[in-house]
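Coordinates in review
The chain contents come next:
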Amino acid sequence: MVESSPDFLKEFYIPAYIFNDETKISDAPDAPKFPVLVFINSKSGGQLGGDLLRTYKNILNEQQVFDLGEEAPDKVLHRVYIRLEKLKQENDEFATKIHERLRLIVAGGDGTAGWLLGVVCDLKLPHPPPIATAPLGTGNNLPFSFGWGKKNPGTDRNSVFSFLEQVMKAKEMKIDNWHIFMRMRAPKEGSCDPIAPLELPHSLHAFGRVSSTDELNVEGYHTFRGGFWNYFSMGMDAQVSYAFHSERKLHPEKFKNQLVNQSTYAKLGCTQGWFAASLFHPSSRNVAQLAKVKIMKKHGQWQDLHIPHSIRSIVCLNLPSFSGGLNPWGTPNSRKQRDRELTPPYVDDGLLEVVGFRDAWHGLVLLAPNGHGTRLAQAHRIRFEFHKGAADHTYMRIDGEPWKQPLPIDDDTVVVEISHLGQVNMLATSNCRSKSVHDDPSTHHHNGEEDDDSDEDDSRNEADEFRKFGAADTFRIPDDVDISQVNNIRVAGSCKITLANFSGSKEAYKKG
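From a predicted model like this one, the values you see are computed outputs, not experimental measurements.

1. Quick look at the overall build of the protein
Across its full length, the protein carries 15 helices and 17 strands. When each of the 512 residues of the protein is scored for burial, the buried share is 57%. Taking as baseline every contact in the protein between residues at least 6 positions apart, the subset at least 24 positions apart corresponds to 80%. Carbon and sulfur atoms make up 48% of the accessible area of the protein, which totals about 22300 Å².

Okay, structure coming up:
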């Protein structure tokens, strides 16, 4: 096996002098072919993060392994790249090869992975390193999209050796990244700062209030900006996610296991009434009543996007994995591609897939073969304009990190706009689910997973909602939950479904 080879680790090992001014090694050997910097969120995955950190430090140079709980990735990369540039100017060929071949590994949840992606994007490096993602979170949509799996990995030496072997064999793949911008008039009373359910530095990096010197700042308005790589969502899925994070903050000892976390998601979906949304949630909270949505195709003008009145959750999706590996867009068949000008969900085409859900039952449809949500559009830019006084707040989520967004009731100037920003490099395994526009056209059929030829009817009445199954990690029923019992609860009314009141933290988002 690979791990028995004494030369295997040499292909990843970075010597100490690369990180500091120690004496250079004389007659340096050949530079490693796959030098890596490893970033681990030691708080992710219960105890798994800490265990994984120790294993990597034992088999590699400790100085190339970093605990994100102790040092932010922007500081690490800034320091490392300054050092590499200095060595390159001294004609250090070894350091030059490290710079050219460098790869990054990040182990944590989707928020952690997004944090590192954002830092790499912000640094604007001439040759940004590709990134491999180890799944240590609950949903793990980013790792799953690129073939790294969605179950928490082993932390022993053999498991780490196996992962490094995958890093060695992985191919580079570009994905789009997206800028999100939100502006609202400063309220006469109260605050409109996003309310986070718990302190998460990586999510705070992704979405922060702009400074007074920022070019986007406008006097008399609150302006926020950030970025995402997987999805932005608004509505019921974000509300359930917010409740989950709030509950985890209150009782962290109960959230040490990935399966328990997924079960809690399902239970919150039930207790908040999302399996009977038409009964427990007023239609005034539906997306169409909250906001006007406009889209811009890749080349064109703004146009209004029709949102069916029954839609309670809207997802702007960049990757084919949402809520633990489900694909809300699916693969439109040839007729829909022709008639509605839809395409498969490529990750580097400069387009977001916009999908809607009516309730949790509609979400469960994704568990069925070829299941998908209500396809609303594909767009290069998306704009939400919130109606005056429609609601005093809504829930939003970026790459798994939710917040409660207060909305001013005395003015209708709340705007959220998403636009294409650029691309970042990922590492993908042979099991990669993500598709590129540059792939061989013969692979664009997604292994026969196209829709059947039945029409989508996006204007189904409320009674039809109870017969639909389909999903999101937020709505997904875990393996240990008997779905027949959930159905009986809904029909018989033996479950008391109430709106849970999770107020969450009153601390506003700030840049981490």
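Here the narrative resumes.
2. Things to note about the side chain of Thr55
Its location among the elements puts Thr55 in helix H1 (residues 48-59). For Thr55, a relative accessible area of 11% puts it in the buried group. Excluding anything up to four places from it in sequence, Thr55 contacts Thr155, Asp156, Arg157 and Val160.

3. Here we look at the sheet that holds strand S8 (residues 231-235)
Working definition: the strands of a sheet are paired by backbone hydrogen bonds and lie parallel or antiparallel to each other. Read across the open sheet, the 6 strands follow the order S13-S12-S11-S8-S15-S16; overall the sheet is antiparallel. The sheet terminates laterally at strand S13 (374-379) and strand S16 (401-406), the two strands that pair on one side only. Pairwise comparison of adjacent strand axes, ignoring direction, gives a mean angle of 20 degrees for this sheet. Bridge count between strand S15 (residues 393-398) and S16: 6 bridges; the pairing is antiparallel.

4. Section: the environment of Gln63
With respect to the helices and strands, the residue Gln63 is situated in the loop between H1 and strand S2 (65-67). Overall, Gln63 belongs to the partly exposed group, its relative accessible area being 29%. Taking C-alpha positions, Gln63 is 8.4 Å from Ile14, a pair spaced 49 residues apart along the chain. Look past the residues within four positions of Gln63 in its chain and what remains in contact with it is Ala16, Phe19 and Asn20. Within the structure, the side chain of Gln63 is placed 2.9 Å from the side chain of Asn20, a separation counted as a polar contact.

5. Details of the confidence of the model for the protein
Looking at the protein as a whole, its pLDDT mean stands at 75, while 64% of the residues score no less than 70. The model gives residues 198-207 a pLDDT under 50, and that stretch makes 37 contacts with residues more than four places away or in other chains.

6. Observations concerning the pattern of salt bridges
By the definition in use, this model includes 10 salt bridges. The shortest N-O distance in the salt bridge between Lys10 and Asp7 comes to 3.4 Å. The class of Lys10 is exposed, set by a relative accessible area of 55%. Its relative accessible area of 43% is what places Asp7 among the partly exposed residues. Between Asp51 and Arg54 there is a salt bridge, and its shortest N-O distance comes to 2.4 Å. Linking Asp51 with Arg54, this pair stays in helix H1, spanning 3 residues, or about one helical turn. One salt-bridge network, in which partners are shared between bridges, spans Lys294, Arg381, Arg383, Glu385 and Glu417.

7. Brief notes about the environment of Asn58
Along the chain, the position of Asn58 falls in helix H1. For the pair Asn58 and Arg157, spaced 99 residues apart in sequence, the C-alpha separation works out to 8.9 Å.

8. Describing unusual backbone geometry
A positive phi angle, near 65 degrees, is found at Asn91, a position not held by glycine. Looking at the secondary structure, you find Asn91 in the loop between helix H2 (73-89) and helix H3 (93-101). The phi dihedral of Lys124 is positive, around 50 degrees, even though this residue is not glycine. You can see Lys124 is positioned in the loop between helix H4 (110-123) and strand S4 (131-135).

Reading guide: rules and limits
Residues numbered from 1 in each chain as written. Predicted model: local features only at pLDDT ≥ 70, side-chain atom pairs only at ≥ 80, totals over all residues. Heavy atoms only, no water. Helix = DSSP H or I, 4+ residues; strand = E, 2+ residues; numbered from the N terminus. Buried < 20%, exposed > 50% of the residue type's maximum accessible area, 1.4 Å probe, protein only. Contact = heavy atoms within 4.5 Å. Areas by Shrake-Rupley, 256 points an atom, 1.4 Å probe, with all protein chains shown as cover. Pairing = 2+ DSSP bridges. Axes fitted to C-alpha atoms, helices over the stretch in contact; angles between N-to-C directions. Polar contact = N/O pair within 3.5 Å; in protein donor to acceptor, adjacent residues only side chain to side chain. pLDDT = per-residue confidence, 0-100. Salt bridge = Lys/Arg side-chain N within 4 Å of Asp/Glu carboxyl O.

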